[in-house]
Amino acid sequence: MRTFRAPRGTRDLLPGEAARFLRFAEIARGLTDRYGYRPIETPLFEQAAVFERGIGEVTDVVEKELFRIVPRTEDGESWALRPEPTAGIARAYVQHGLRTWPQPVRLTTTGPMFRYDRPQAGRYRQFWQFDVEAIGDAGPAIDAEIIELGLRFYAEVGVKGAEVLLNSIGDPACRPAYLDALVAYYRDHAASLPPTERDRLERNPLRLLDSKDPAMAAINAAAPRIVDHLCQACAEHLAGLRAHLDALGVGYRLEPGLVRGLDYYTRTAIEFYVAGREGQQQALGGGGRYDGLIELLGGQPTPGIGFGLGLDRVALVLDEQAEGDPSGAEADAAGGPPDAPDAVVVSADPADTVGRLRTATELRAAGLRARADLGHRKLGRQLESAGRDGAHFAVILGDELTDGQVQLRDLKAGSQRLVGVADLPRELKRGTSQHRHGTRDSS
RNA sequence: GUGGCCUUAGCUCAACCGGCAGAGCAUUGGAUUGUGGAUCCAAAGGUUAUGGGUUCGACCCCCAUAGGCCACCCCA
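Residues numbered from 1 in each chain as written. Chains lettered and ligands numbered in written order. Predicted model: local features only at pLDDT ≥ 70, side-chain atom pairs only at ≥ 80, totals over all residues. Heavy atoms only, no water.

**Concerning the overall build of chain A**
Applied cut-off: Think of it this way: any DSSP run of H or I at least four residues long counts as a helix, any run of E at least two long counts as a strand, and we number them from the N terminus. For every residue, the accessible area (1.4 Å probe, protein chains only) is compared with the maximum for its type, and the residue is labelled buried under 20%, exposed over 50%, or partly exposed between those bounds. Residue contacts are counted whenever heavy atoms from the two residues lie within 4.5 Å of one another. The protein chains shown are the only cover counted for residues, whose accessible areas, like all others here, come from Shrake-Rupley with a 1.4 Å probe. A residue counts as positive if it is Lys or Arg and as negative if it is Asp or Glu; His and the chain ends are not included. In plain terms, the charge of a residue is placed at NZ if it is Lys, CZ if Arg, CG if Asp and CD if Glu.
Counting its regular elements, chain A contains 14 helices and 16 strands. Expressed as lengths along the three principal axes of its C-alpha atoms, the size of chain A is roughly 95 × 55 × 50 Å. Buried positions account for 45% of the 443 residues belonging to chain A. Relative to all contacts within chain A whose residues are 6 or more apart in sequence, the contacts with residues 24 or more apart total 67%. A total of about 22,600 Å² of accessible surface is found on chain A, and carbon and sulfur atoms cover 52% of it. Of note, chain A has its 55 positive side-chain charges centred 4 Å away from the centre of its 63 negative side-chain charges.

**So, the sheet that holds strand S12 (residues 343-347)**
Across a sheet, paired strands are connected by hydrogen bonds in the backbone, their directions being either parallel or antiparallel. Formally: DSSP bridges decide pairing: two strands pair if at least two such bridges lie between them. The convention used is that axes are lines fitted to C-alpha atoms, helices contributing only their stretch in contact, and that angles between N-to-C directions extend from 0 to 180 degrees.
In space, the five strands of this open sheet follow the order S13-S12-S14-S15-S16, with mixed pairing throughout. Each of the sheet's edge strands pairs with one partner strand only, and the pair in question is strand S13 (370-372) and strand S16 (415-420). Strand-to-strand, the axes of this sheet are offset by a mean angle of 25°, without reference to chain direction. With five bridges joining them, S12 and strand S14 (residues 393-397) adopt parallel strand pairing. Note on S14: the bridge partner recorded for Val344 is Ala394. Against the sheet, helix H12 (residues 353-365) engages S12, S13 and S14, with an angle of about 170° to S13. Packing of helix H13 (residues 379-388) onto the sheet brings it into contact with S12, S13, S14 and strand S15 (405-410), and relative to S12 it is tilted by some 170°.

**Focus on H13**
Because an α-helix completes one turn every 3.6 residues, residues spaced three or four positions apart along the sequence face the same direction. The criterion, for reference: To be clear, the arc concerns the directions from the helix axis to the C-beta atoms.
When H13 is considered as a whole, its buried residues turn out to be Gln382, Ser385 and Ala386. Axial view of H13: buried residues confined to an arc of 105°, hence all on one face. Buried residues belonging to H13 abut S12, H12 and S13.

**A word on H12**
Stated formally: One fewer than the residue count of a helix, multiplied by 1.5 Å, yields its expected span. Nitrogen and oxygen atoms within 3.5 Å of one another constitute a polar contact, given that in protein one can donate a hydrogen and the other can accept it, and given that sequence-neighbouring residues count only through two side-chain atoms.
An ideal rise of 1.5 Å per residue puts 18 Å on 13 residues; H12 measures up with 18 Å between its terminal C-alpha atoms. Of the residues making up H12, those classed as buried are Gly355, Arg356, Thr359, Ala360 and Leu363. For H12, the arc enclosing every buried residue in end-on projection is 125°, short of the 170-degree limit, so these residues lie on one face. In H12, the exposed positions angled more than 90 degrees off the buried face are occupied by Val354, Arg358 and Ala365. In this structure Asp352 caps H12, since a side-chain oxygen of it lies 2.8 Å from the backbone nitrogen of Gly355.

**Some words on a nonpolar patch on the surface**
Rules: Residues with no salt bridge and a relative accessible area higher than 30% make up the patches, which join like charges within 9 Å and nonpolar side chains (Val, Leu, Ile, Met, Phe, Trp, Tyr) within 5 Å. Whenever Lys or Arg places a side-chain nitrogen within 4 Å of a carboxyl oxygen from Asp or Glu, that contact is recorded as a salt bridge.
Side chains of Leu44, Phe45 and Ile69 sit close together on the surface and give an oily, nonpolar patch of about 230 Å² of accessible area. Judged by its relative accessible area of 36%, Leu44 is partly exposed.

**Considering the pairing of strand S5 (residues 105-114)**
Regular strands place their side chains on alternate faces of the sheet. Of all ten residues making up S5, eight are buried, and the element is well covered by its neighbours. In the sheet, strand S1 (residues 38-39) pairs with S5 via two bridges, with the strands oriented parallel. Considered in S5, the bridge of Arg38 is made with Leu107. Where S5 meets strand S6 (residues 126-135), ten bridges bridge the pair, whose relative direction is antiparallel. Residue pairing in the sheet places Met113 in a bridge with Phe127 of S6.

**Examining the pairing of S16**
Taken together, the six bridges between S15 and S16 define a ladder with antiparallel strand orientation. Residue Asp410 lies in a different strand from S16, and its bridge partner there is Ser415. Connecting the antiparallel pair S15 and S16 is a turn made up of four residues, with Gly414 showing a positive phi of about 80°.

Below, the structure is given as structure tokens:
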């Protein structure tokens, strides 16, 4: 029979990897909770127009990467899986009148996003993002808060050397004039532009700035920089943000070529990365200010800022960084110790599944992580498998049961002793709590 | 969406010039009927990614498709 496989660009997160993503989400939750960001869950799909209007018709994300859903019945609607969370959250903000809440509304969500582009390492058609949004505050102090939060996440999750790129891409007051100047500049150099770059000049001139084509380096270096063309308000915003970051002691790098791929961004543009990495998936996360988005989706004019951090790329970077040092902190994610049971209940009598199941049930009721070996293998095999699972203890059911006792074997130490069945939970708790504190301190 | 490289057991990899597809790890079972974590033995696991073609004969050569990776495009 023909077998199935996960769709192209998607993958299964098996227990070790799934536990790791769960850990990322838990760190994100703890962090955002401390900062006062509250969880929000919006649908994984929306009317396609939410993205088309919010993100922009001529962006790559909408033009060629939107994961469209063909409905079963023709009801005139067109749907799409979310390529990023901001547009959906903005839609929810408008729909539920969150402008009547105390501003800004601080929101966070973590979940899968979908983009139909060509897969590569660190780039998937279904990928995970930790997302943070602050809606209703024009900044720039809130911009600084968000950036600091993002860097804090990388630190807590264990990524070393995460840094942030910063730029301002202006607003409707100053960007048009800048774009005119930019286009004029490149028109003067049109003869020396590669074909793909010439195409960009018509479609998305800002993109020219961060071209990777070496031939463009010289031309780009002399190109007009948007930071020199900002209107008064945008310039003050950027200066204010920098002052706040400095005051917080948050380092950043100004990157005049930093441009965002989505139309809704204004002023602050940010991108997180780790310096010195090989390969192309350099962006670990990105975001920025979107002061026009809420209005685009039919709400009152409302400022906002947010970012999304790619969890698949966090995992990628952690793997890269773990290769160098053999401390193996991340090796845990491969599936051993973290989810190892406190005890496995085994039996001298291979037929006695009832006794094992009952004992394990009692231990669980007492709050222990206990697994019964429910096979019909002989004792030696049961112990072997318990040891491989990383269990701390084995509870051995045997003839001693007639005296109300079992053998409690410490699989780590290799020692064992007789324990009364009634005392089992207490003895196990004593033995395992010590053990847990020990491993936590070392990590 | 464009170009290049790759695909043999669950995993990592062998198989000469085209001549009957193998190993390690993992899994399962056994080794004088109650004791594991580097003991020994064995089993199971493959339409060599899929579909065609060339050939007496194809894992090996050719074509197409799928998937992965790399570089673009772009981004997380």
